Amino acid sequence: MIKPNQLIETQLSAWCAKTFTACLPAADLNGVNLGVNASRNEQFGDYQCDAAMKLAKELKSNPRALAQQFVDTADLPDLVEKIEIAGPGFINIYLKNEGLANQLTAMLGDNTLGLPNLGKNQTVIIDYSSPNVAKPMHIGHIRSTVIGNSIDRLYRALGYNVIADNHLGDWGTQFGLIILGYREFADMDALKTAPVEELERIYVTSYNMSKEDPAWRDRAKAELVKLQQGDAENRALWEKFIELTLSEFNRIYKRLDVAFDLYRGESFYNDQLAETVEKLQQAGLAEESNGALICNLEDDGLAVAIVRKSDGGYNYTTTDIATVASRTAEFQPSEIIYVTDDRQQLHFRQFFHICQKLNIPTKLTHVWFGLMRLPEATFSTREGNVIKLEALLDEAEARALEVVKKSSPDMSDEQQREVARAVGIGAIKYTDLSQNPASLVTFTWEKALAMDGNSAPYLQYAYARIASVRDKYAAKFPDINPDAFPIILTEEQERRLAIKLTRFAAAVETAARLHRPSVMADYLYDLSQAYSSFYQNVPFLKAEEGPRESRIRLCELTASVLKNGLALLGIETPERI
Ligand code: ARG
C-alpha cells in the first residue's frame with residue numbers, strides 16, 4: 001500500500017480519514033483534519049493521529065471511545081505493525097521494521113531519494129535577490145539571494161517548473177539624479193575599478209544636492225523626463241549603469257552558485273503602468289486624493305497605497321501590480337513567491353490585497369526575513385555594498401582554509417583551496433538558511449565555522465566521514481557487493497536512523513510548503529545526530545556478514561540524503577575535509 005515517491009504521512013493520513021469515515025458513516029467529517037503527524041517522541045509511536053479528539057469535540061462524544069472504534073474498525077496497511085490508543089484519545093502508529101527497510105531500499109534505488117513529484121505541470125515564479133541599480137546594495141539583498149535560491153532548489157526538486165526572476169530595481173526617479181551626477185562629477189577611474197560603489201556615491205551625492213538646491217533638482221528632473229521620452233544619450237547611460245551593476249552582481253551570483261531564468265527589472269513593466277492604473281479606476285479601486293490617485297485599503301486595515309503620484313509618476317506598488325498581471329498572463333503560475341527583508345511587509349500586503357480585488361487568481365506569497373547583524377568591521381547593514389560583501393566571502397574562504405589545513409595537512413594546496421571554498425561559502429549560506437527568518441541573528445565566525453555544532457562545516461564533515469566508511473568497507477571486502485544484501489533493522493539506533501531517513505521527502509515538502517529552508521537545515525542536523533549515535537553504538541565493519549552489509553547500505557543512504565539535502569540549501573559536499 002505505501003508507495004515510494006508518495007509521502008508516508010500522506011498515505012497514512014488518507015488511511016486514517018478513510019477509517020474514520022467508515023466508523024462514522026452519518027457524520028459530516030468535512031473540514032476536520034483527520035491526518036497524522038510524525039511523532040516527535042518515539043514513546044508516542046512513529047506517527048500519531050489526534051483526530052479522535054477533534055471529532056469528539058465536533059460530535060460531542062468521547063474521544064477515547066472514538067479512538068477505540070477506530071482501532072476496532074481499522075484494516076492495518078502493510079507498513080503498519082500496530083496501533084495503540086494513548087492519553088485522552090491519541091492513536092499511536094508503529095511502523096514495521098520490514099516496511100521501513102522496504103522504504104529505504106526504494107530510496108536507494110531512486111535518484112531523487114523518493115521525492116514526490118508534487119509540482120507536475122505547475123509553474124512557480126520566485127522573485128528574489130532583486131537589487132537596485134546604483135542604490136546601496138545591502139545585506140538584505142544577499143539574504144534574499146541565499147534564501148530565495150534555496151526555495152528555488154526545493155521547488156525544483158519537487159518537480160515544479162520554477163522561474164527564478166531577478167526583479168532589478170532599474171527604473172525610477174533616481175535615474176535623473178544619477179545621469180546628472182554622472183555628467184557633472186563622475187570619477188572615471190573609480191567607475192572602472194569599483195563601478196557599483198562609484199554609482200552609489202554619485203547617486204547619494206546628487207540626491208543630497210537635490211535636497212539643498214532646487215535648480216539641481218529641476219535639472220535632474222529634466223534628465224529623467226528625457227530618459228522617459230527615450231532620448232538616445234540618456235538611454236545609453238541608463239543601460240550602461242545597469243550593465244555595470246549586473247556585471248558585479250554576476251560575479252557574486254557565480255560565487256554563490258545562483259542562476260536566474262529571467263532578469264526582468266521594473267523597467268520591463270514600464271509601459272504597462274498607465275493601463276494598470278486605468279484598470280484600477282475601472283474596477284472602482286482607485287480614487288483621487290490631493291492630485292494623486294490612491295487605493296483606499298482602510299476597510300482591510302491597511303494604509304492607503306498611492307498608485308499615481310501628484311506629478312503623474314507611478315511607483316513601486318503600481319509596478320508590482322503590473323508585474324503580477326503580466327506574469328499571470330504569460331506564465332499562468334500557481335504561485336508567485338517574493339523574498340525580501342521584513343521592512344517591505346506593508347508594501348506586499350497592500351498590493352496583494354489590490355490584486356485580490358482585481359480577481360487575479362494567482363497565489364501570492366511574501367517570504368520575509370529580519371536583517372542579520374554582521375561583524376561591524378566587515379560589513380555594515382546600513383551601508384553595505386558589493387565590495388564589502390565580496391570581502392566577507394573572501395574572509396570565509398580564508399578562515400575555512402585554516403580549518404582544512406589542520407584537518408587535512410596532506411591534501412595538495414589546490415585541493416585545500418577548493419575544499420575551503422566549499423566550506424567557507426557553505427558556512428555563510430548555512431548561517432542564513434538555518435535560522436528562523438523572523439529572528440534577528442548575529443553572525444559570528446565561531447558559530448558559522450564550528451566543527452561541532454549546527455553549522456555547514458559540521459554537516460559537510462559528517463558527510464565526508466560517512467563517505468569514508470564506504471571506502472573502508474570496499475578496501476576491506478573488495479569482493480562483496482553490499483547491494484546484494486537486504487536491509488535489516490535490528491538495533492534501536494539503527495531503527496531510529498531508519499525512521500529519520502524515511503522522513504527526507506517530508507522534510508523537503510514541508511520546507512517548500514512553508515518556504516522555510518530552516519526546516520531542511522533542522523532535518524539534516526537531526527539526521528546527522530541520529531547517524532552519530534548509530535555510528536558510536538552499532539558495530540559495522542566488525543559486524544558479521546549480513547548486518548554488516550545492511551549497515552553499509554544505511555551509511556550510503558545517509559550520505560546521499562546529506563548530500564542531496566545540503567544541495568537543496570545550495571551547499572556543496574566535498575568528499576574530504
Ligand atoms: N528592488 C527591491 C529592493 O531592493 C526588491 C524587489 C522585490 N521584488 C518585488 N517584486 N517587489 O528593495
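These numbers were taken from a predicted model, which means no experiment stands behind them.

### A short note on the site of the ligand
Then comes step 1: Around the ligand sit Asp-127, Ser-130, Asn-132, His-141, His-167, Tyr-316, Asp-320, Tyr-338, Thr-340, Gln-344 and Phe-348, and those are all the residues in its vicinity.
Then comes step 2: A distance of 2.9 Å separates a nitrogen atom of the ligand from a polar atom in the side chain of Asp-127.
Then comes step 3: In this structure, a nitrogen atom belonging to the ligand sits 2.8 Å away from a side-chain N or O atom of Tyr-316.
Then comes step 4: With the chains in place, 92% of the 350 Å² that the ligand exposes on its own is no longer accessible.
Then comes step 5: Residue classes in the shell around the ligand are distributed as three nonpolar, six polar and two charged.

### Regarding the sheet that holds strand 1 (residues 36-38)
Then comes step 1: Strand order across the open sheet formed by four strands is 1-2-4-3, with antiparallel pairing between neighbours. Unpaired on one side and paired on the other, strand 1 and strand 3 (80-86) mark the two borders of the sheet. Between one strand and the next, the sheet's axes are offset by a mean angle of 25°, whatever the strand orientation.
Then comes step 2: Direction of pairing for strand 2 (residues 47-49) relative to strand 4 (residues 90-95): antiparallel, over a ladder of three bridges. Across the sheet, residue Gln-48 finds its bridge partner in strand 4, namely Asn-92.

### A few points about the nonpolar core
Then comes step 1: Membership of the largest hydrophobic core comes to 128 residues, with the highest contact counts inside it found for Phe-20, Ile-93, Phe-504 and Met-520.
Then comes step 2: Sorting elements by how many residues they give to this core places helix 17 (residues 456-476) first, with 10 residues.
Then comes step 3: Not counting residues up to four positions away in its chain, the partners in contact with Phe-20 are Leu-29, Leu-34, Cys-49, Ala-51, Ala-52, Leu-55, Leu-66, Phe-70 and Ile-91.
Then comes step 4: One finds Leu-280, Leu-293, Cys-295 and Val-324 within the second-largest nonpolar core, a separate group that totals 26 residues.

### Thoughts on the packing of aromatic side chains
Between two aromatic rings, the relevant description is the distance of the centres plus the angle of the planes.
Then comes step 1: Overall, the coordinates contain 26 aromatic pairs when judged by the stated rule.
Then comes step 2: Here the aromatic rings of Phe-185 and Trp-216 are separated by 6.1 Å at their centres, their planes lie at 15°, and the arrangement is stacked. Here Trp-216 lies in helix 9 (residues 214-228) and Phe-185 lies in helix 6 (residues 174-185), a separation of 31 residues in the sequence.
Then comes step 3: With a centroid separation of 5.8 Å and an interplanar angle of 65°, the aromatic rings of Phe-348 and Phe-352 are classed as edge-to-face. Here Phe-352 and Phe-348 lie together in helix 13 (residues 345-357), a separation of four residues that amounts to about one turn. The pair Phe-348 / Phe-352 is uniform in exposure class, with both members buried.
Then comes step 4: Within the aromatic cluster, the residues linked to one another by ring pairs are Tyr-128, Phe-249, Tyr-253, Phe-260 and Tyr-263.
Then comes step 5: Against the face of Phe-477 rests Arg-548, its NZ or CZ located 3.8 Å from the ring centre.

### Section: the sheet that holds strand 10 (residues 335-341)
Then comes step 1: Reading across from one edge, 6-5-10-11 is the order of the four strands in this open sheet, with parallel pairing throughout. Bordering the open sheet on either side are strand 6 (161-165) and strand 11 (363-369), each of which pairs with just one other strand. The mean inter-strand angle of the sheet, taken between neighbouring strand axes irrespective of direction, is 20°.
Then comes step 2: Two strands pair when backbone bridges link them, and strand 10 and strand 11 are joined in this way by seven bridges, in the parallel orientation. Bridge pairing links Ile-337 to Thr-365 in strand 11.
Then comes step 3: Sheet contacts for helix 5 (residues 139-157): strand 5 (123-127), strand 6, strand 10 and strand 11; angle to strand 10, the most-contacted strand, approximately 150°.
Then comes step 4: Where helix 13 meets the sheet, its contacts fall on strand 10 and strand 11, and the angle it forms with strand 11 comes to roughly 175°.

### Quick look at the pattern of salt bridges
Then comes step 1: By the definition in use, this model includes 36 salt bridges.
Then comes step 2: Linking Asp-432 and Arg-143 is a salt bridge whose minimum nitrogen-to-oxygen distance equals 2.5 Å. In this pair, Asp-432 is assigned in helix 15 (residues 413-433) and Arg-143 in helix 5, connecting sequence segments 289 residues apart. Of the two residues examined, Asp-432 and Arg-143, each falls in the buried class.
Then comes step 3: With a shortest N-O distance of 2.8 Å, Arg-513 and Glu-509 are connected by a salt bridge. Within this pair, Arg-513 and its partner Glu-509 are both found in helix 19 (residues 504-513), separated by four residues, close to a single helical turn.
Then comes step 4: Exposure remark for Arg-513: the relative accessible area of 46% places this residue in the partly exposed category.
Then comes step 5: Glu-509 sits in the buried class, given a relative accessible area of 15%.
Then comes step 6: Among the charged side chains, a network of salt bridges with common partners joins Arg-183, Glu-223, Lys-226 and Glu-233.

### Thoughts on unusual backbone geometry
Then comes step 1: Here the phi dihedral of Lys-60 falls at roughly 55°; this positive angle occurs in a residue that is not glycine.
Then comes step 2: You can call Lys-60 exposed: its relative accessible area is 75%.
Then comes step 3: Non-glycine residue Ser-129 carries a positive phi angle of around 75°.
Then comes step 4: Inspection of the secondary structure puts Ser-129 in the loop between strand 5 and helix 5.
Then comes step 5: Looking at Ser-129, the relative accessible area reads 3%, which means it is buried.

### Focus on helix 3 (residues 63-73)
Then comes step 1: When helix 3 is considered as a whole, its buried residues turn out to be Leu-66, Ala-67 and Phe-70. Each buried residue of helix 3 lies within a common arc of 100° when the element is viewed along its axis, so the set occupies one face.
Then comes step 2: The elements touched by buried residues of helix 3 are helix 1 (8-23), helix 2 (51-59), strand 3 and strand 4.

About the thresholds
- Throughout this description, residue numbers start from 1 for each chain and increase along the sequence as written.
- A pLDDT threshold of at least 70 governs which residues receive local features in this predicted model, and a stricter bar of 80 or more applies before side-chain atom pairs are shown or counted, although totals over entire chains, interfaces and linings include all residues.
- Side-chain descriptors were evaluated using all non-hydrogen atoms of the structure, hydrogens and water having been removed beforehand.
- Only a single heavy atom is needed: when it lies within 4 Å of a molecule or strand, its residue is near that molecule or strand.
- Under this definition, polar contacts are N or O atom pairs within 3.5 Å; protein pairs additionally need one hydrogen-donor-capable and one acceptor-capable atom, and for neighbouring residues in sequence, both atoms have to be side-chain atoms.
- Using a 1.4 Å probe, accessible areas were evaluated by the Shrake-Rupley method; residue-level cover was limited to the displayed protein chains.
- Residues are grouped as follows: Ala, Val, Leu, Ile, Met, Phe, Trp, Tyr, Cys and Pro are nonpolar; Asp, Glu, Lys and Arg are charged; all remaining types, including Gly, are polar.
- Any two strands with at least two DSSP-identified bridges between them are counted as paired.
- Runs of E in the DSSP output that reach at least two residues are strands. Runs of H or I that reach at least four are helices, and both are numbered from the N terminus.
- In this description, a line fitted to the C-alpha atoms serves as the axis of each element, helices being fitted only across the stretch in contact, and the angle between N-to-C directions of two axes falls anywhere from 0 to 180 degrees.
- Residues belong to a common nonpolar core when they are buried Ala, Val, Leu, Ile, Met, Phe, Trp, Tyr or Cys residues joined through side-chain atoms within 4.5 Å.
- Think of it in three bands: with a 1.4 Å probe and only protein chains considered, a residue is buried below 20% of the maximum accessible area for its type, exposed above 50%, and partly exposed in between.
- Contacts are residue-level and defined by heavy atoms, with any inter-residue pair within 4.5 Å sufficient.
- Put simply, two rings from Phe, Tyr or Trp (the six-membered ring, in Trp's case) pair if the centres are within 6.5 Å, and we call them stacked under 30 degrees between planes, edge-to-face over 60, tilted for the rest.
- By definition here, charges over rings are those cases where NZ of Lys or CZ of Arg is within 6 Å of the ring centre and within 35 degrees of the ring normal.
- We count a salt bridge whenever a side-chain nitrogen from Lys or Arg sits within 4 Å of a carboxyl oxygen from Asp or Glu.
- It is the directions from the helix axis to the C-beta atoms whose arc is reported.

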